Each structure stands twice: as structure tokens, then as C-alpha cells.
Amino acid sequence: MTGDETSAAGAEIRNEPEAKLGEAALLLRAILDNLPVAVCRYDREGIFRFHDGKGLEVSGIRPGEHLGKNVYELYAGAPGAVESIQKALAGKASHMVTEAHGLTWETWFVPVRDDRGEPGVVSITMDATAARQREVELQNKLMLIEKQQDVIRDLSTPIIEVWDKVLTLPMVGVVDSLRISEVMDNLLTAVVNKDARYAILDLTGVDAVDTQTAGYLIEMIKAIRLLGAEGIITGIRANVAQTMIALGLDLSSVTTVGNLRAGLKLCMRRMAAADQASSAPANAPAK
């Protein structure tokens with residue numbers, strides 16, 4: 001094919017100015033007849049000048065049924081639509097999502113001018129129900145995942161009231177800084193709500209702690225003491241103890257015992273002694 005033939009072929013498929021309106025009308029007709037959309041045009045007074053589209057079928061309205069009617073009167077009960085049309089007449093495009101006929105509709109309001117330069121508005125409305133349902137389903141799934149994560153966190157660090165005013169927190173696995181921060185908040189809240197006198201941190205099931213976490217454990221004991229309770233650490237493994245020593249942490253003020261059983265016995269003895277001291281007469285002779 002010669003260069004002249006190529007140019008001629010190309011000219012045949014270009015959008016010539018006189019063909020543009022015909023092509024646009026053909027494309028618009030295909031969209032209106034086959035897609036769930038409704039397209040309207042309103043003049044500056046709000047009168048329908050175009051009203052068509054397959055999307056009208058859902059609402060039981062025939063294409064062209066609103067021609068000549070005033071949109072402000074028809075949608076007087078929908079202030080959002082009226083406001084959007086007025087904004088478009090002022091030259092500002094807008095977008096809105098509404099619920100009608102049990103479906104979700106998404107509408108764009110676009111300012112236009114007719115061949116005489118008169119301002120008007122074109123609205124394009126699409127059935128967005130399927131997309132909205134997928135969005136709701138996704139949000140529900142995300143909420144379910146968040147709830148499941150909360151349950152997992154609660155199960156991994158359960159705070160148990162093993163005795164009146166005695167809480168225990170058995171920790172399992174690797175304790176990192178993020179987890180210990182959440183645990184501290186939950187434990188301190190439980191100490192206040194339960195009016196606890198003792199809180200036992202059982203580390204029997206803890207495989208390892210990082211350096212920052214070891215410091216958090218000591219800070220947690222101090223925070224428990226500030227709330228008027230006593231924190232006790234039980235079941236420290238050898239590698240965890242080495243980490244604490246290597247950090248130079250001062251454990252002299254922290255009560256530690258070998259296992260949870262011993263920690264519970266210690267709490268009960270101290271509570272019994274405190275109760276006996278409080279019930280003894282003030283003038284009883286010392287033994």
C-alpha cells in the first residue's frame with residue numbers, strides 16, 4: 001500500500017467534524033438501551049428536556065415520561081437532588097449517592113450549555129446496588145476479622161480472677177513490646193475494676209522476651225503498686241532471667257516465686273495475715 005493509499009485509509013476512519021454528532025448519538029443510544037443508567041437534561045428553569053435510559057425501568061417510569069415537567073416540583077421531597085441541580089446550574093458539578101426503590105443510585109450532575117448558550121444540567125444516574133453490597137460485605141468481613149483478632153488477643157492473655165481480689169495473667173509464647181503494651185492496659189483496668197489486692201504475672205509459658213519488653217514488665221509491677229495492689233511475677237525461665245540480668249534491671253523490689261501455685265499460696269497467706277491483723281483488737285497484747 002502506497003503512502004497516499006495509507007493516508008486515504010486513515011482519513012476514512014478518523015472522526016470527521018460532520019460525523020461527530022451522528023457517532024455521539026449512536027453511542028449514547030447504545031448506552032441508554034443496554035446499561036442500567038438514566039440520563040436527564042434540565043434547562044435553567046428546571047424543566048426536563050431529555051429523559052431516557054434503561055435504568056428508568058426499575059422505578060416503573062417510562063423514558064420521556066417527565067419531559068416538560070419541573071424537576072423542582074417532582075423532587076421537592078429530595079432537597080439533596082434539588083441542591084445539586086442548582087449547583088450545576090451555577091457551574092459546579094456534583095455527585096451524590098441515594099437510596100430509592102430498594103436500590104442504591106449514584107448520580108453525577110454536570111453543568112452544560114445548549115446551542116444557544118443557555119445554561120442547563122445533565123444528570124447521569126447509575127444503579128450502584130451491586131457495588132454497594134460488595135462494599136457492605138467487605139466492611140462486615142473487616143469488622144468480623146477485627147472481632148476475631150480481639151478474641152485471639154483476649155485468649156492469648158486472659159486475665160483471671162482466681163481468688164477474691166487476686167488476679168492472674170498467664171502469658172504464653174513470645175512476648176513483644178506491642179503485646180505487652182496491650183496487656184498492661186488490660187491488666188491495670190482489671191485491677192481497678194476488680195479492686196484487686198494482688199496481680200500475678202505468670203511467665204511459665206513465655207519462651208522469650210525482647211529487651212524493651214523486660215523493662216515493660218518491671219514498669220507494669222510499679223504501675224500495679226501505684227493502684228494500691230501488689231504485682232508478683234511467677235515462673236520466670238532461665239533465658240528470660242538472663243535477659244533481665246543482662247539489662248541490669250533492678251528486681252529487688254519485685255516479688256518473684258518459682259511457679260503459679262507458689263504465687264497463689266503466697267497471696268493467700270498474706271491476705272489471711274492482713275485480715276487477721278485487721279480483725280484483732282487494737283489493745284490486744286503483742287505475742
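For the structure, check the block above.
A brief look at the structure comes next. (Residues numbered from 1 in each chain as written. Predicted model: local features only at pLDDT ≥ 70, side-chain atom pairs only at ≥ 80, totals over all residues. Heavy atoms only, no water.)

What follows covers the overall build of the protein chain. Along its length, the protein chain carries nine helices and ten strands. The burial tally for the protein chain puts 30% of its 287 residues in the buried class. The long-range fraction of contacts in the protein chain, counting pairs at least 24 apart against all pairs at least 6 apart in sequence, stands at 53%. A total of about 17,900 Å² of accessible surface is found on the protein chain, and carbon and sulfur atoms cover 56% of it. (Helix = DSSP H or I, 4+ residues; strand = E, 2+ residues; numbered from the N terminus. Buried < 20%, exposed > 50% of the residue type's maximum accessible area, 1.4 Å probe, protein only. Contact = heavy atoms within 4.5 Å. Areas by Shrake-Rupley, 256 points an atom, 1.4 Å probe, with all protein chains shown as cover.)

For the rest of this paragraph, the subject is the pairing of strand β2 (residues 48-52). Here four bridges tie strand β1 (residues 37-42) to β2, and the two strands are oriented antiparallel to one another. Note that in β2 the partner of Y42 across the bridge is F48. Hairpin connection, β1 to β2: the antiparallel pair is bridged by five residues, and G46 has positive phi, about 85 degrees. (Pairing = 2+ DSSP bridges.)

What follows covers unusual backbone geometry. Comment: phi is negative for the bulk of residues other than glycine, and the bulk of peptide bonds are trans. In this structure, K165 is a non-glycine residue whose phi angle is positive, near 70 degrees. Within the secondary structure, K165 is located in the loop between β6 (160-163) and β7 (166-175). Classification of K165 as partly exposed rests on a relative accessible area of 23%. Phi angles above zero are rare outside glycine, and D195 is one such case at about 50 degrees. Among the secondary structure elements, D195 is positioned in the loop between α6 (177-194) and β8 (198-209).

What follows deals with the sheet that holds strand β5 (residues 119-127). Across the sheet, which stays open at both edges, the five strands sit in the order β2-β1-β5-β4-β3 with antiparallel pairing between neighbours. Of all the strands in the sheet, just β2 and β3 (94-100) have a single pairing partner and so form its edges. Averaged over all pairs of adjacent strands, the angle between their axes in this sheet comes to 20 degrees, without regard to strand direction. Examined bridge by bridge, β1 and β5 share six bridges and lie antiparallel to one another. Bridge assignment links R41 to a residue of β5, and that residue is V122. Each of β1, β3, β4 (103-113) and β5 is contacted by helix α4 (residues 79-89), which is oriented at about 25 degrees to β4, the strand it contacts most. (Axes fitted to C-alpha atoms, helices over the stretch in contact; angles between N-to-C directions.)

Formed by 29 residues in total, the largest nonpolar core has its most connected members in M171, L187, V191, L201, V206, M220 and I224. Of all the elements in the fold, those that place two or more residues in this core are β7, α6, β8, α7 (211-226) and α8 (238-246). With sequence-adjacent residues up to four places away left out, L187 is seen in contact with I159, L169, A199, L201, M220 and I224. Of all hydrophobic cores here, the second largest spans ten residues; its members include Y42, F48, I85 and A88. (Core = buried A, V, L, I, M, F, W, Y, C linked by side-chain atoms within 4.5 Å.)

Turning our attention to helix α9 (residues 260-279). With 20 residues, α9 ought to run about 28 Å at 1.5 Å a step, and its terminal C-alpha atoms sit 29 Å apart, in line with that. Taken as a whole, α9 has its buried residues at G263, L266, C267 and M271. Buried residues along α9 cover an arc of 125 degrees about the axis, so they all sit on one side. Across α9 from its buried face, at more than 90 degrees, point the exposed residues R261, R269, Q276 and S279. (Expected span 1.5 Å × (residues − 1). Arc of directions from axis to C-beta.)

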